[in-house]
Amino acid sequence: MARIFNPATLLAGLLLSTSAVAINKDFEQPIKIASKYQSADGINKLSIFRENVRISQGSMSINADELQVDAGQGEGREVFIAMGQPASYEQTMEDGSRIRAEANHIEYRVNERTLTLSGDAQLQQNNSKVSGESILFNMEKEQLIAQGSDDGEGRVVTIFQPEPKKGPSEDKKQEKKP
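First, a word on what this report is: a plain description of the structure on this page.

Criteria and thresholds
- Residues numbered from 1 in each chain as written.
- Predicted model: local features only at pLDDT ≥ 70, side-chain atom pairs only at ≥ 80, totals over all residues.
- Heavy atoms only, no water.
- Helix = DSSP H or I, 4+ residues; strand = E, 2+ residues; numbered from the N terminus.
- Buried < 20%, exposed > 50% of the residue type's maximum accessible area, 1.4 Å probe, protein only.
- Contact = heavy atoms within 4.5 Å.
- Areas by Shrake-Rupley, 256 points an atom, 1.4 Å probe, with all protein chains shown as cover.
- Pairing = 2+ DSSP bridges.
- Polar contact = N/O pair within 3.5 Å; in protein donor to acceptor, adjacent residues only side chain to side chain.

1. Some points on the overall build of the protein chain
Part 1 of the argument: Each helix and strand in the protein chain was counted, giving 3 helices and 10 strands.
Part 2 of the argument: Start at the N end of the protein chain and walk to the C end: the helices and strands fall as α-α-β-β-β-β-β-β-β-β-β-β-α.
Part 3 of the argument: Across the 178 residues in the protein chain, those meeting the buried criterion constitute 30%.
Part 4 of the argument: A separation threshold of at least 6 residues defines the contact pool for the protein chain, and within that pool the share at least 24 residues apart is 43%.
Part 5 of the argument: Accessible area of the protein chain: about 11,300 Å², with a carbon and sulfur share of 47%.

Here you go:
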């Protein structure tokens, strides 16, 4: 009986099986924002940051051209909307690997610990990469859902890189080991 191969399921399994859970201490750290320009509206609880924007929280960083922060839902429930050509995200996982992502629009929901990447979205961990029009990524659980564009032309693409082949000298070294 033939098995149906689903790359998205395999990628999700690989991401989850690495025992790499985003460092929970990151989420306990303060969120810092640096930029060249900032404006704030205290009544509407909306802030705008522009030019060379960098958000950091523990090992997590997001870089963007512009950032909007909506704090209207209260402390710990902020929504950070980063925009760039592209905006980027990186975070070190518990096993030391790095997750990297980029998109034209990155939305970080603090209380949900999720990123929504849209517009030429891509996410990479180790040698695996997923790209599509949008990617929803749960940072804490390392679960993702990727979607192609609605026009029927765009598709989700998953790439798995094979392990590099060992050269003859490396094979001999392995043979000598007991």
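2. Focus on the pairing of strand β8 (residues 128-138)
Part 1 of the argument: Sheet topology note: the strand β7 (residues 114-125)/β8 ladder contains 10 bridges and is antiparallel. Within β8, the residue paired with S118 across the bridge is S134.
Part 2 of the argument: Following β7, the chain reverses through 2 residues before pairing antiparallel with β8; N126 in that reversal takes a positive phi of roughly 55°.
Part 3 of the argument: Where β8 meets strand β9 (residues 143-147), 5 bridges bridge the pair, whose relative direction is antiparallel.

3. Let's talk about the pairing of strand β6 (residues 98-109)
Part 1 of the argument: Pairing between strand β5 (residues 79-92) and β6: 11 bridges, direction antiparallel. Along β6, the bridge assignment pairs T92 with R98.
Part 2 of the argument: In sequence, β5 turns back onto β6 through a hairpin of 5 residues, with G96 there showing a positive phi of about 95°.
Part 3 of the argument: Sheet topology places β6 next to β7; 9 bridges connect them, and they run antiparallel. Pairing of H105 across the sheet is with S118, part of β7.
Part 4 of the argument: The loop that links β6 with its antiparallel partner β7 comprises 4 residues; one of these, R113, has a positive phi angle of about 55°.

4. Considerations on the side chain of N138
Part 1 of the argument: Looking at the secondary structure, you find N138 in strand β8.
Part 2 of the argument: We classify N138 as buried; its relative accessible area is 16%.
Part 3 of the argument: At 3.0 Å, the side chain of N138 forms a polar contact with the backbone nitrogen of E140.
Part 4 of the argument: Once you skip the residues sitting within four places of it in the chain, N138 turns out to touch E112, R113, T114 and Q143.

None of the figures reported here should be taken as evidence of function without further support.
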